[in-house]
Amino acid sequence: MNFRQLLLHLPRYLGASGSPRRLWWSPSLDTISSVGSWRGRSSKSPAHWNQVVSEAEKIVGYPTSFMSLRCLLSDELSNIAMQVRKLVGTQHPLLTTARGLVHDSWNSLQLRGLVVLLISKAAGPSSVNTSCQNYDMVSGIYSCQRSLAEITELIHIALLVHRGIVNLNELQSSDGPLKDMQFGNKIAILSGDFLLANACNGLALLQNTKVVELLASALMDLVQGVYHENSTSKINSDVQPFIKEKTSDSMTFNLNSAPVVLHQEFLGRDLWIKQIGEAQEKGRLDYAKLRERIKAGKGVTSAIDLCRYHGNKALEALESFPPSEARSALENIVFAVTRFS
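Note that the structure is a prediction, hence the values are computed from the model and not measured.

What counts and what doesn't
- Residues numbered from 1 in each chain as written.
- Predicted model: local features only at pLDDT ≥ 70, side-chain atom pairs only at ≥ 80, totals over all residues.
- Heavy atoms only, no water.
- Helix = DSSP H or I, 4+ residues; strand = E, 2+ residues; numbered from the N terminus.
- Buried < 20%, exposed > 50% of the residue type's maximum accessible area, 1.4 Å probe, protein only.
- Contact = heavy atoms within 4.5 Å.
- Areas by Shrake-Rupley, 256 points an atom, 1.4 Å probe, with all protein chains shown as cover.
- Core = buried A, V, L, I, M, F, W, Y, C linked by side-chain atoms within 4.5 Å.
- Axes fitted to C-alpha atoms, helices over the stretch in contact; angles between N-to-C directions.
- Parallel < 35°, antiparallel > 145°, perpendicular 65-115°, else oblique.
- Left-handed = near helix turned anticlockwise from the far one by under 90°.
- Nonpolar A, V, L, I, M, F, W, Y, C, P; charged D, E, K, R; others polar.
- Phe/Tyr/Trp six-rings, centres within 6.5 Å; stacked < 30°, edge-to-face > 60°.
- pLDDT = per-residue confidence, 0-100.
- Expected span 1.5 Å × (residues − 1).

(A) The arrangement of the overall build of the protein in detail. Across its full length, the protein carries 16 helices and four strands. Relative to its full complement of 341 residues, the protein shows a buried share of 46%. Taking the intrachain contacts of the protein between residues at least 6 apart in sequence as the baseline, contacts between residues at least 24 apart amount to 76%. As displayed, the protein has an accessible area near 17,700 Å², and 53% of this comes from carbon and sulfur atoms.

The following block contains the structure:
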C-alpha cells in the first residue's frame, strides 16, 4: 500500500470511523492528455498559500511547524547542528536542506503531517475501536494521531537530509575540497539516520502493527523513487522553476522533477542525452539553457495536467467525508497546490 492509500486508511487504523476511500492511481501519458476539465474553482481558494496553511493549522489545534520541535531541539540533534555549521562556506547540499528546515518559505515541509491531522479530524472520533478511549483528544484529534503526524514529518525530513548526500565520484574542482564533501556526507547520513530512528521509536510506541506495516511500505515506495506516487504539492513545487516570470539564470532544478521526467518521456532517451550534451558548458550543466529546452517541449504542461488530475482525484476522495471545516481545509489545500497563475 502506498503513501496516499495509507493516508486514506489512517483514521480507521487509528480508531476513527469512516469507510475506506477510493484508491488514487497515476495516469499514463495518454491519460494525462485527456484528463478533462479542472474541477477546482479559484474563487474558493485563498489567495496565498500561507493563508491556506494558517487556516488549516487553526483547525487542527496548533501550528504543525512545532510538531517535531521536541526532536529537532534534542541534545543529539543540537550536536549535529553544531557540526553542520562547520560546512558553512562549502557547497555541500546539506546546508541548503538545513536552511530549508529553518526557513521554509512555502510552508511545505509540515504539509504531510498537517494532512494526517486534517484527515483524522475529518473522519471524526471512532465509534467502533474502543482502544482509542485510552488516548486524549484535543480539537477532535487523538493524541496517537498527532504522534503519527509527527512521525510522518520526521520520515520526510530524514529523506530530505539523506538526499543531500553527494556522489564523490562526480565531484569537480569547483565543488570545493574533497574533505568538506566527505564530512558533509557523514553528517547527512548520521542526522538522517537519527531522525529515522526517532520515527521508528515513535511508531513502536503507537503499538499498532498495521500502521507500522503501512508506513514501512510507504517509505519503501519513496526510497525507491517511485515518482508517480509523489504528492500533488510536490508536482507543484517541481513546476515552479519553469513557470516563474523572474527566474535566475543560475537557478538549478531537479533532473528527476515532474516536468523533466515527462519531457524525457516525450523526447526519447537519445534526444534527451543529446540535449544534455548541448547544455554542457566547460564541463558543467547550463541549467538556463536546458530549462528553455524543457519549456519548449510538452513536459511542463503535462506536469500541470498531472497535478490537476491528482487534484481532481483528491477532491473526489474528500467527498466521502461528511462536510466539515477539516474537509474544507483539505479542499483548500488541493485548490492552492493546483493553481499555476
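Following the structure, the description resumes.
(B) Region of interest: the nonpolar core. One finds Trp49, Val60, Leu114, Leu118, Phe321, Leu330 and Ile333 to be the most contacted residues of the largest nonpolar core, which totals 29 residues. Elements supplying a minimum of two residues to this core: helix H3 (49–60), helix H7 (111–123), helix H15 (299–318) and helix H16 (325–337). Here this core gets nine residues from one element, more than from any other, and that element is H7. The contacts of Val60, once residues within four sequence positions are left out, are Leu114, Leu117, Leu118, Ser139, Ile141 and Arg146.

(C) Broad picture of the packing of H3 against H7. For the pair H3 and H7, the least separation of the axes is 10 Å and the interaxial angle reads 45°. In terms of orientation, H3 lies oblique with respect to H7. Considering only the axes of H3 and H7, their crossing is left-handed. Two secondary-structure elements touch here, H3 through Trp49, Val53, Ala56, Glu57, Ile59 and Val60 and H7 through Leu111, Leu114, Leu117, Leu118 and Lys121. Grouping the amino acids of the contact of H3 with H7 by side-chain chemistry returns nine nonpolar, no polar and two charged.

(D) A look at the packing of H7 against helix H8 (residues 143–162). Put simply, H7 and H8 touch, their axes get as near as 8 Å, and they point 155° apart. What the angle tells us is that H7 and H8 run roughly antiparallel. Judged by the sense of rotation from one axis to the other, the crossing of H7 with H8 is right-handed. Along the contact surface, H7 presents Arg112, Gly113, Val116, Leu117 and Ser120, while H8 presents Gln145, Arg146, Ala149, Thr152, Glu153 and His156. Considered class by class, the residues forming the contact of H7 with H8 number three nonpolar, five polar and three charged.

(E) How the structure looks around the packing of aromatic side chains. Taken as a whole and judged by the stated rule, the model has two aromatic pairs. Aromatic pair Phe253 and Tyr287: ring centres 5.1 Å apart, planes at 85°, arrangement edge-to-face. Linking Phe253 in the loop between helix H11 (232–243) and helix H12 (258–267) with Tyr287 in helix H14 (residues 287–295), this pair joins segments that are 34 residues apart in sequence. Residue class for Tyr287 comes out partly exposed when judged on its relative accessible area of 22%. Clustering of aromatic rings is evident, with ring pairs tying together Phe242, Phe253 and Tyr287.

(F) Representation of the side chain of Asn208 within the structure. Its place among the elements puts Asn208 in the loop between helix H9 (178–206) and helix H10 (209–223). On the basis of relative accessibility, which here comes to 18%, the residue Asn208 falls in the buried class.

(G) Broad picture of H12. Of the positions making up H12, those classed as buried are Ala258, Pro259, Val260, Leu262 and His263. Phi turns positive, to about 100°, at Gly268, one or two residues after H12.

(H) Molecular detail of unusual backbone geometry. Positive phi outside glycine occurs at Ser139, with the angle close to 55°. Assignment of secondary structure puts Ser139 in the loop between strand S1 (137–138) and strand S2 (141–142). One non-glycine residue, Gln207, lies in the positive phi region at around 55°.

(I) The confidence of the model for the protein, seen in detail. For the protein, mean pLDDT is 75; residues scoring 70 or higher make up 70% of the total. Confidence scores differ between elements of the protein, with helix H1 (residues 3–13) showing the lowest mean pLDDT of 42 and H12 the highest of 93.

(J) Local environment of H16. For H16, built from 13 residues, the straight-helix expectation of 18 Å at 1.5 Å per residue is met to within 8% by its first-to-last C-alpha distance of 19 Å. Of all 13 residues in H16, eleven are buried, a share of seventy percent or more. The inward-facing, buried residues of H16 contact H3, H7, H11 and H15.

(K) Examining the environment of Glu278 more closely. Here Glu278 lies in helix H13 (residues 269–278). In sequence terms Glu278 and Lys289 are eleven residues apart; their C-alpha atoms lie 8.7 Å from each other. With residues near it in sequence (within four places) discarded, Glu278 still touches Lys289 and Arg293.

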